[in-house]
Amino acid sequence: MDMISKKDLIIMCLVNIPVAGLYYLIYTLPGMRPYGNMAYFACMLTAGYFLGKGFDVNIKNKTDKKVKTRYLALGVSLMLFLYLLMRISFSAVGRIPKLQGLVDLDLWQYFVRPWHEINIFVSVSGVIMIVIAVEMFYRVYVQNIFNLYFDNKTAILLASIISGARACTLGPVSGLVDFSLAFIWGWIYFKSGFWPAVITHIAWDVFFVYFPAP
């Protein structure tokens, strides 16, 4: 790997340090959400756009529309399946005393409650902006950086690990869920491009934010 290649990777790794640190602060400092989320992800969107400009090999994906539609339908179906699986799991944990210590049953509500307490138009607009920011940063920038030097599967895996590591600052369960979702979004992005990945991601956020477990 030449010096230019190393420089790209080093910059990307260094950028992810404050990204993870600020993410942790948003969820631990009082009064930061949801507007703190919006400011944080607006910065991520800007960083992903400008840093990923030279690496956006998939943002204008030329895949056939039928193929894009097929992968989009598959992605949304996977989001629905994972959402229902999470709902069932939370319900099961809530009814079995021996399992209650394995999952924080209030964590889901903790994540989404602030989005229910503000104007619905602002809430939905903010969530959509956040989705675009995440896809711009982790797919257009991070995944494509890795894709320059590794095969496609490795690039998706490494980008998902970095995304999961950010979420892991809030606990291992958050990290595992984020990694799993990021892997799917990365795969959709590779197969069909930026916007199918965004729509698939939006589907998850709509399920997760606006239809949380009780």
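Up top is the structure.
Computed from a predicted model, the values in this text were never measured in an experiment.

## As for unusual backbone geometry
Okay, step 1: The linkage connecting R33 with the following residue, P34, adopts the cis geometry, with an omega of 0°.
Okay, step 2: If you trace the backbone, P34 turns up in the loop between α1 (3–28) and α2 (35–51).

## A closer look at the packing of aromatic side chains
Okay, step 1: One pass over the structure, following the stated rule, counts 17 aromatic pairs.
Okay, step 2: When the centroid spacing of 6.4 Å and the interplanar angle of 40° are considered together, the rings of F179 and F183 count as tilted. In this pair, F179 and F183 both sit in helix α7 (residues 172–192), four residues apart, roughly one turn of the helix.
Okay, step 3: Judged by its relative accessible area of 26%, F179 falls in the partly exposed class.
Okay, step 4: What links up through ring pairs into an aromatic cluster is the set Y23, Y27, Y40, F41, Y83, W108, Y110, F111, W204, F207 and F208.
Okay, step 5: Looking at R33, its charged tip hangs above the ring of Y110, at a distance of 4.2 Å from the centre.

## Here we look at the layout of surface pockets
Okay, step 1: Reported here for the largest pocket is a volume of approximately 890 Å³.
Okay, step 2: Together, 35 residues line the largest pocket, and V177, D178, L181, W204 and F208 are the ones closest to its centre.
Okay, step 3: Mapped onto the lining of the largest pocket, the elements with two or more residues apiece are α1, α2, α3 (65–95), α4 (107–116), α5 (120–147), α6 (152–167), α7 and α8 (194–210).
Okay, step 4: Considering every element that reaches the lining of the largest pocket, the biggest residue donor is α7, with eight residues.
Okay, step 5: By residue class, the composition of the lining of the largest pocket is 26 nonpolar, five polar and four charged.

## A word on the pattern of salt bridges
Okay, step 1: Taken as a whole and judged by the stated rule, the model has two salt bridges.
Okay, step 2: The shortest N-O distance in the salt bridge between R139 and E135 comes to 2.8 Å. Within this pair, R139 and its partner E135 are both found in helix α5, separated by four residues, close to a single helical turn.
Okay, step 3: The shortest N-O distance in the salt bridge between D178 and R166 comes to 3.4 Å. In this pair, D178 is assigned in helix α7 and R166 in helix α6, connecting sequence segments twelve residues apart. Grouping residues by exposure puts D178 and R166 together as buried.

The rules behind each value
Residues numbered from 1 in each chain as written. Predicted model: local features only at pLDDT ≥ 70, side-chain atom pairs only at ≥ 80, totals over all residues. Heavy atoms only, no water. Helix = DSSP H or I, 4+ residues; strand = E, 2+ residues; numbered from the N terminus. Phe/Tyr/Trp six-rings, centres within 6.5 Å; stacked < 30°, edge-to-face > 60°. Buried < 20%, exposed > 50% of the residue type's maximum accessible area, 1.4 Å probe, protein only. Lys NZ or Arg CZ within 6 Å of the ring centre and 35° of its normal. 1 Å grid on protein atoms, 1.4 Å probe; cavity = no way out; pocket = protein on both sides within 12 Å on 5 of 7 lines; lining within 4 Å. Points joined across faces, edges and corners; volume = space filled by probe spheres on them. Nonpolar A, V, L, I, M, F, W, Y, C, P; charged D, E, K, R; others polar. Salt bridge = Lys/Arg side-chain N within 4 Å of Asp/Glu carboxyl O.

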